Each structure stands twice: as structure tokens, then as C-alpha cells.
Amino acid sequence: MNLPNALTYSHALLSECVGPGDTVVDATVGNGHDTIFLASLVGKTGHVIGFDIQEAALKETQTQLTLTGLASQVELHATGHEHVGDYLTAETPVNGAIFNLGYLPGGDKSLITQPTTTLAAVAELLKHLPRGGRIILVVYYGHPGGKTERNAVVDFCQQLPQRVYQVLQYGFINQVHNPPFLLAIERR
Ligand code: SAM
């Protein structure tokens, strides 16, 4: 069996920390692949809160959720993930969250995630992360602006205090075309 790529590994890491009844966040819904995966992990008693700034992507994802019978446990918001705090009560634990950075494949390549808003959302989610909970960032950085965001998120993660969090970086280092890599923040 081959080593999993960053995207596949992100789902493996989430399936270890998310279960039925949990609340989770898909910070970059896009075409909804992660939303659907998370919705199946949390089940009917759980709760997926999803964000994207592209209404068309959310509409398509909503259709897929309905077709797959997973809509009841998902709420999608047409706003930036930097507002995630507005959709969580202070005491809500978020066991898992995922960010896919960059632009929507097949969509408008100028609508990319930005370091300031990405890090605002991560900082807010850290407040809700229980022990063993994980925030996963799949970092695409080959597009214009991508390296700036990559540097910002890596720098942020490197500065997280070791006694509270452990941060994993996972990715292939001998591939061409800037393959995505993964950062996983886990509260100890
Ligand atoms: N996870 C998605 C999927 O399964 O198809 C792919 C996500 S794509 C790489 C990045 C997405 O982030 C785009 O759909 C883009 O519109 C969205 N985005 C950009 N800035 C955002 C923000 N501030 N808040 C939420 N989503 C944002």
C-alpha cells in the first residue's frame, strides 16, 4: 500500500478524533468533500458547521448533502471562517476542524484563502479544542499568494506552546509542482 497523500491523511486523522454526536467545523467547504466526510463521522446526533465565501459552492454542497441524506446534521454559512466564533457558544467543544487552503478547483482562482483570516479562524477554534481534538490544515501553496500564507501558518504553528499543543507536519518532499502538505494541531 502506498503512503497516503495529505488530503487522504487528513481524513484518517479526523476519523481518529471525531465521532457520533460531536461538533466539527469545515472552514473551507468548497465542493463539499470534507463536509460530507465530516457529516458521516458525526452522524445524525452530531453537528457540522461549514463556511465558504462562494455561494455557488455552498449551493452545490447543499444539494449533495440532501442527495446523500446527510443534510440534517450540517449548517452551511456563506461567510468567512474568521467569523466562526459567532456560530459557537463559549462552552461548545469542537473536536475536529479542517481547512483546505488555496482556491476552489474548477472555480475562481482569485478567491483564495488569506493568511490573516485563516489565522483568525484557527486562533478562535483553538479556544474550543478539547484534549485530543485536532485542527487540520491542508496547505496548497503553488498559486500566487500561496507561499505567503504557507509561511504564515507554519510560523504560527511553530510558535504554539509545546506543553499545550503538538503540531504535526506531513507531506512528500520529493514531488514536483508544490504538492500540498498537512499541518495537524492537537491539544494534548
Ligand atoms: N474542501 C474543499 C472541497 O472539498 O472541495 C476545497 C476548498 S478550496 C481549496 C478553498 C475554499 O476556501 C474555496 O472554496 C474558497 O471559496 C474558500 N475560502 C476562501 N476564503 C475563505 C474564508 N475567509 N472563509 C471561508 N472560506 C473561504
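If you're wondering where the values come from, they're calculated on a predicted model, not measured in any experiment.

S.K.: Give me the state of the cysteines: which residues, what numbers.
M.R.: Scanning the model with the defined rule gives zero disulfides in all. With no disulfide of its own, Cys17 lies closest to Cys157 among cysteine sulfurs, the gap being 15 Å. Taking the relative accessible area as the measure of exposure, Cys157 reaches 7% and is therefore buried.

S.K.: Requested: an account of the packing of aromatic side chains, with residues and values cited.
M.R.: Per the counting criterion, the structure on display carries four aromatic pairs. An angle of 70 degrees between the planes, with centres 5.4 Å apart, marks the rings of Phe51 and Tyr87 as edge-to-face. Taken as a pair, Phe51 in strand 2 (residues 47–51) and Tyr87 in the loop between strand 3 (74–77) and strand 4 (96–100) lie far apart in primary sequence, 36 residues in all. Judged by its relative accessible area of 0%, Phe51 falls in the buried class. Accessibility expressed as a relative area gives 33% for Tyr87, which makes it partly exposed. A network of ring pairs unites the aromatic residues Tyr9, Tyr170 and Phe172 as a single cluster. Directly above the aromatic system of Tyr141 lies the positively charged group of Arg150, at a separation of 4.9 Å from the ring centroid.

Rules of the game
- The numbering scheme is per chain: residues are counted from 1 as the chain's sequence reads.
- With the structure being a predicted model, the display of local features is reserved for residues of pLDDT at least 70 and the display and counting of side-chain atom pairs for 80 or more, all residues being used for whole-chain, interface and lining totals.
- Note: side-chain values were computed over all heavy atoms of the structure, leaving out hydrogens and water.
- The disulfide definition used here is simple: a pair of cysteine sulfur atoms within 2.5 Å.
- A simple rule labels every residue: compare its accessible area, found with a 1.4 Å probe on the protein chains alone, to the largest value its type can have, and call it buried under 20%, exposed over 50%, or partly exposed in between.
- Note on aromatic contacts: the rings of Phe and Tyr and the six-membered ring of Trp form a pair at centre separations within 6.5 Å, being stacked when their planes are under 30 degrees apart, edge-to-face when over 60 apart, and tilted otherwise.
- Secondary structure follows DSSP: runs of H or I at least 4 residues long count as helices, runs of E at least 2 residues long count as strands, and numbering of each begins at the N terminus.
- The criterion for a charge sitting over a ring is simple: Lys NZ or Arg CZ within 6 Å of the ring centre, and within 35 degrees of the ring normal.

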